[in-house]
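Each chain is listed here by its residues.
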Amino acid sequence: MTDKYQPALHDAVEHDPDAEGGERVAKALARAGVASRREVERLIEAGKVVLNGQVLTTPAVRVFPGDLLVVDGKLVEDRQPTRLFRYHKPTGLVTTHNDPGGRPTVFGALPNGLPRVISVGRLDLNSEGLLLLTNDGELSRALEMPQNAWTRRYRARAFGHATQETLDRLKDGTTIEGVRYGPIEARLDKAQDKAGGGRNVWITVTLSEGKNREVRKVLESVGLKVNRLIRLSYGPFALGTLQAGQVEEVGPRVIRELLAGVIADENMPQGDKPQFVGVADPLYAPGVAKDGERLRGGEVQRRAPSGRAPQIATPKVEEPKKVYKAGWAKAKIRTDGHKSKTHKPKSIDTKFVTEAPGRGKGPAKPGAKGAATKGAAGKPGARPAGKIAPQGATRGNVAPARSGKPADFKGPRATGGKPAPRGPKR
C-alpha cells in the first residue's frame with residue numbers, strides 16, 4: 001500500500017453485486033496481502049475500506065481491474081506475485097499485527113525491506129520455531145485448511161512420565177473437553193531424570209490439523225506438561241539452520257516446484273533469485289532494542305556458510321597500504337671485509353689432558369696457550385692426583401692409558417744418548 005492516494009481526485013463508482021467477472025473485495029484484499037478475509041470484513045464494518053472513493057459497508061462487493069482500493073487511508077497497490085518467507089519465531093512474541101495489551105509482536109520485529117505479510121497459522125506466545133509468512137492471503141488460507149493435510153512437525157519437551165505405548169494411543173485421535181482432535185503421531189525421543197524425582201521427556205509430534213494449542217492439550221491429556229515447544233517444519237518447508245529471530249525468503253523456483261496447483265498461474269513468481277537476500281539479525285529481531293526501546297526491524301545480514309554464525313553486512317574499510325623503499329626485499333652484501341670466525345671441533349682428549357707448560361722466558365700468563373695448570377699439590381705443571389695407567393697400547397677391552405701430555409707432543413730430541421739441554425747456555 002502507498003500514501004499517494006487522494007480521495008478527492010476519484011469519483012464514486014457504483015458496483016453491481018451480481019455483475020460477472022472481478023472478485024470479491026475481501027478476496028482481493030486478502031490476495032494483495034492486506035489482511036485475511038475475516039480481518040477485511042472487520043475493516044469494512046469499521047468503515048476503513050474505500051472503493052473508488054466510496055466507503056464500503058458490506059463485503060458483498062466485487063472488484064474489477066482498474067478499481068482503486070483504499071484501506072485505512074492507504075492505497076492498495078496492484079496485485080504482486082506470491083512471495084513466501086521462513087521465519088524462526090522466538091518466544092515472547094505474539095503472532096498478530098496489533099496487540100491490545102501492547103506486547104511485542106512478530107510483525108513489529110520483522111526487518112525492514114519486507115512487504116506487508118500475513119502468517120500461515122499461528123504460534124502462541126511461549127512457542128517457537130518455524131512460522132511461514134506470505135503476501136498472498138489465498139495461499140495462507142490454502143495452507144491452513146485441514147482438508148489439505150499439510151503436515152506440521154514439532155519437538156516438545158514435557159514434564160512427567162510417559163511410555164511409547166501411551167503415546168501410541170494418540171494415533172487414533174482423541175476428544176478433549178468436547179473438541180475432537182485428529183490422529184497424532186508422537187515418538188518418545190529422550191527421557192531425563194531431574195533432581196527431586198521429576199522427569200523431562202523429549203517427544204517428536206506430527207499432526208495435520210494445527211488447532212489452537214493442540215499439541216499442549218493433547219499431551220496434557222496423557223499426563224505431560226509441555227514446557228517447551230518448537231515447530232520444526234510445515235509441509236515441505238523446514239526450520240533448518242535459522243536462528244531465533246531470523247527470516248529468509250523462499251526462492252521463486254522452489255515456490256513453483258512445491259506449490260504448483262496451490263497458487264494461481266497469474267500469481268506465480270518468476271525468476272530464480274529471491275528479492276530479499278539475507279537474513280534478519282537475531283540480536284535485534286525479538287522486538288526489544290537497547291535501553292528497553294522497541295525496534296521496528298532488525299539489521300540485514302549476508303548468508304553465512306553452514307556451521308558458522310551469520311556475519312553482519314558491514315561496509316569494508318580498506319586500510320592504507322604500507323610503502324617500502326625500493327630494493328627492501330633484496331639481500332644485503334657486507335663490504336667491510338668481515339669474515340665469520342670458524343672454530344675447530346675440539347677433541348675429546350682436551351677434556352681430560354691439560355696443556356703443556358709453555359717454553360720461553362718468564363712465567364706463562366694465566367689462560368694463555370701452553371700455560372701450566374695447577375695440580376693437586378698446587379705446583380705449576382704438576383700432574384693430577386690419582387693413579388695413571390701405564391703408557392702403551394693395551395689388549396682386550398682395556399682402554400689405552402692417557403698420559404699427562406698431548407698426543408702430538410714429541411718433546412726434546414735426544415742427541416747421542418745425552419739428555420737434551422733444558423735451556424739456553426749462559
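The structure displayed is predicted, hence computed values, not measured ones.

**Student:** How would you summarise the overall build of the chain if you had to cite specific residues and measurements?
**Tutor:** When helices and strands are tallied, the chain shows six helices and 19 strands. Going through the 426 residues of the chain one by one, you find that 33% of them count as buried. Restricting the contact set of the chain to residue pairs at least 6 apart, pairs at least 24 apart contribute 61%.

**Student:** Describe the nonpolar core, listing the residues and the values that go with them.
**Tutor:** Among the nonpolar cores identified, the biggest contains 35 residues, and Y87, L133, I203, V205, L219 and L224 are the most heavily contacted of them. Secondary structure elements with two or more residues in this core: β7 (84–89), β9 (127–134), β10 (152–159), β14 (199–207), α5 (214–220) and β15 (225–234). It is β14 that contributes the most residues to this core, four residues altogether. With near-sequence residues (within four places) excluded, V205 lies in contact with R152, R153, Y154, I184, E185, V215 and L219.

**Student:** Could you give an account of the confidence of the model for the chain, with specific residues and numbers?
**Tutor:** Overall, the predicted model of the chain reaches an average pLDDT of 74, with 61% of residues at or above 70. Within the chain, strand β16 (residues 237–238) carries the highest mean pLDDT (96), whereas strand β19 (residues 300–301) carries the lowest (40). Low pLDDT (under 50) marks residues 2–13, which in the prediction has 17 contacts with non-local residues, meaning those over four places away or in another chain. Low pLDDT, under 50, characterises residues 283–315; the predicted model gives this stretch 67 contacts beyond four residues in sequence or across chains.

**Student:** Could you give an account of helix α2 (residues 37–45), with specific residues and numbers?
**Tutor:** The periodicity of an α-helix, 3.6 residues per turn, causes residues three or four positions apart to be oriented the same way. Among the residues of α2, V40, L43 and I44 are the ones counted as buried. All buried residues of α2 project into a common sector of 100° when viewed along the axis, lining one side. Of the residues in α2, the exposed ones pointing more than 90 degrees away from the buried face are R38 and E45. Buried residues in α2 make contact with α1 (25–31), β2 (49–51) and β5 (69–71).

**Student:** I'd like to hear about the sheet that holds β5, residue by residue, with values.
**Tutor:** Reading across from one edge, β3-β2-β5-β6 is the order of the four strands in this open sheet, with antiparallel pairing throughout. Each edge of the sheet is formed by a strand with only one pairing partner; in this case those strands are β3 (54–55) and β6 (74–75). Across two bridges, the pairing between β2 and β3 is antiparallel. Its bridge partner being in β3, L51 is matched across the sheet by Q54.

**Student:** Break down the environment of A35 for me, with residues and values.
**Tutor:** With respect to the helices and strands, A35 occurs in the loop between α1 and α2. Remark: the alpha-carbon pair of A35 and H97, spanning 62 residues in sequence, is separated by 9.6 Å. Filtering out sequence-adjacent residues up to four positions away, A35 remains in contact with L29, A30, V40, R116 and I118.

**Student:** Give me the lowdown on the environment of M268, citing residues and values where you can.
**Tutor:** Counting through the fold element by element, M268 comes out in the loop between α6 (252–258) and β18 (279–280). Looking at M268, the relative accessible area reads 11%, which means it is buried. Filtering out sequence-adjacent residues up to four positions away, M268 remains in contact with P81, I255, R256, L259, A260 and I263.

**Student:** Could you give an account of unusual backbone geometry, with specific residues and numbers?
**Tutor:** Within the chain, N52 stands out as a residue other than glycine whose phi angle is a positive 50°. Turning to its location among the elements, N52 is positioned in the loop between β2 and β3. Residue N52 is classed as buried on the basis of its relative accessible area, which comes to 6%. In this structure, D72 takes a positive phi of about 55° despite not being glycine. Take D72: its relative accessible area is 55%, and that puts it in the exposed class.

**Student:** Can you lay out the pattern of salt bridges for me, pointing to particular residues and giving the numbers?
**Tutor:** Summed over the entire model, instances satisfying the criterion amount to 12 salt bridges. A salt bridge links R103 to D99, with the shortest nitrogen-to-oxygen separation between them at 3.0 Å. In this structure R103 comes out as partly exposed when scored by relative accessible area, which is 39%. For D189, the salt bridge goes to R187, with nearest N and O atoms at 3.0 Å. Accessibility expressed as a relative area gives 30% for D189, which makes it partly exposed.

What counts as what
- Residues numbered from 1 in each chain as written.
- Predicted model: local features only at pLDDT ≥ 70, side-chain atom pairs only at ≥ 80, totals over all residues.
- Heavy atoms only, no water.
- Helix = DSSP H or I, 4+ residues; strand = E, 2+ residues; numbered from the N terminus.
- Buried < 20%, exposed > 50% of the residue type's maximum accessible area, 1.4 Å probe, protein only.
- Contact = heavy atoms within 4.5 Å.
- Core = buried A, V, L, I, M, F, W, Y, C linked by side-chain atoms within 4.5 Å.
- pLDDT = per-residue confidence, 0-100.
- Arc of directions from axis to C-beta.
- Pairing = 2+ DSSP bridges.
- Salt bridge = Lys/Arg side-chain N within 4 Å of Asp/Glu carboxyl O.

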